[in-house]
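Residue-level listing of the chains:
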Amino acid sequence: MSRKGMPNIVYGKIFEAISNGTFPLNSRLPSENVLAGNYNVSRPTVRMALEFLKEDGLIYSVRGSGNYIKFAPRIQKNATHNFDTLSDLQRCFEFRTSLEADAAYYCARRHTSSDLIKLKSILEAMSSDLDAGISEEKDIEFHQMITICSKNEFYLRAFNELLEPLSNGMRIAHQNSLARPRDYLLGVQDEHRAIVDAIEARKPEGARQAMKHHLINFRDRLFDGISLDGGTTL
């Protein structure tokens, strides 16, 4: 089912309402009629948006009762990361893309043979059981290892600082991966492998571009149909 147009826009609005607590965990969503009125769209548009939310594991239906919040991603707030909207989280991903692309560049220049062995080991562990989806823990470990072998502690510090606010997005991506066909998961792993191949070949610019390509794809898969320039698409 294509995720484009108004249904995906409504999906983004409901997603944001769930993430900011407007629709709390375990609560019942408003009826299709109410949602249609709130967002000024038709009931079929709302119904399709709700199907997307079900597919992604965010809501579930109870016959004769309605739709309930099953998983409520939380945007954590602290002095460093004040995420009031989904748009804030998206901009954090923009920063992550620049950060990790440059870390991959220096990793390709400075890694040791021991670093490469560890990186390949993590990659193979990620590939070993794709039927269980892509492990959130191993995914984080993979990206963290690249910042470590950049031999620049500031990349590692910045990456670790982003882990808390980005963990919700990575958790959702992992949940989504469970429902994806194996070819999709193989494609994601191909992106990871392209990064490692460029690092191993000591091609800094190739590593930078491979990491950038992967993280832009990751962001687009997670935020498909939601604008980066002012919250959800209107």
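You'll find the structure just up there.
One structure accompanies this document, and this report is about it. (Residues numbered from 1 in each chain as written. Predicted model: local features only at pLDDT ≥ 70, side-chain atom pairs only at ≥ 80, totals over all residues. Heavy atoms only, no water.)

Under the criterion given, the structure shown has 5 aromatic pairs. With 5.8 Å between their ring centres and 25° between their planes, Y60 and Y68 make a pair best called stacked. Overall, the relative accessible area of 36% leaves Y60 in the partly exposed class. On the basis of relative accessibility, which here comes to 18%, the residue Y68 falls in the buried class. Measuring from centroid to centroid gives 5.0 Å for Y105 and Y106, while their planes differ by 80°, and the two rings are edge-to-face. An aromatic cluster is present here, built from Y105, Y106 and Y155 joined pairwise through their rings. (Phe/Tyr/Trp six-rings, centres within 6.5 Å; stacked < 30°, edge-to-face > 60°. Buried < 20%, exposed > 50% of the residue type's maximum accessible area, 1.4 Å probe, protein only.)

It is worth spelling out the nonpolar core at this point. In terms of nonpolar packing, the biggest core is built from 21 residues, with I14, F23, L50 and I59 touching the most fellow members. Those elements that provide at least two residues to this core are α1 (6–19), α2 (32–39) and α3 (43–55). For this core, the element with the highest residue contribution is α1, accounting for 6 residues. (Core = buried A, V, L, I, M, F, W, Y, C linked by side-chain atoms within 4.5 Å. Helix = DSSP H or I, 4+ residues; strand = E, 2+ residues; numbered from the N terminus.)

Let's shift gears to the side chain of S150. Assignment of secondary structure puts S150 in the loop between α6 (136–148) and α7 (153–178). Classification of S150 by relative accessible area gives buried; the value is 0%. Here the side chain of S150 touches T147 through a polar contact of 2.6 Å, landing on its backbone oxygen. (Polar contact = N/O pair within 3.5 Å; in protein donor to acceptor, adjacent residues only side chain to side chain.)

Here, the word disulfide means a covalent bond between the sulfur atoms of two cysteines. On inspection of all chains with the given rule, the structure shows 1 disulfide. Covalently, C107 is tied to C149 through a disulfide, its sulfur atoms 2.3 Å apart. For the disulfide bridge between C107 and C149, the dihedral angle about the S-S bond is near -65°, and by the sign convention the bridge is left-handed. You can see C107 sitting in helix α4 (residues 86–110) and its partner C149 sitting in the loop between α6 and α7, a full 42 residues away along the chain. Each of the two residues, C107 as well as C149, counts as buried. (Disulfide = S-S within 2.5 Å.)

This part takes up the pairing of strand β2 (residues 66–69). Taken together, the 4 bridges between strand β1 (residues 59–62) and β2 define a ladder with antiparallel strand orientation. Across the sheet, V62 pairs through a bridge with G66, a residue of β2. Between the end of β1 and the start of β2, which pair antiparallel, lie 3 residues, with G64 showing a positive phi angle near 80°. (Pairing = 2+ DSSP bridges.)

A few words now on unusual backbone geometry. Of note in the backbone geometry, N40 takes a positive phi value of approximately 55° without being a glycine. Along the chain, the position of N40 falls in the loop between α2 and α3. Positioned with a positive phi, R202 is a non-glycine residue whose angle comes to about 55°. Structurally, the position occupied by R202 is in the loop between α8 (182–200) and α9 (204–222). Judged by relative accessible area, which is 42%, R202 ranks as partly exposed.

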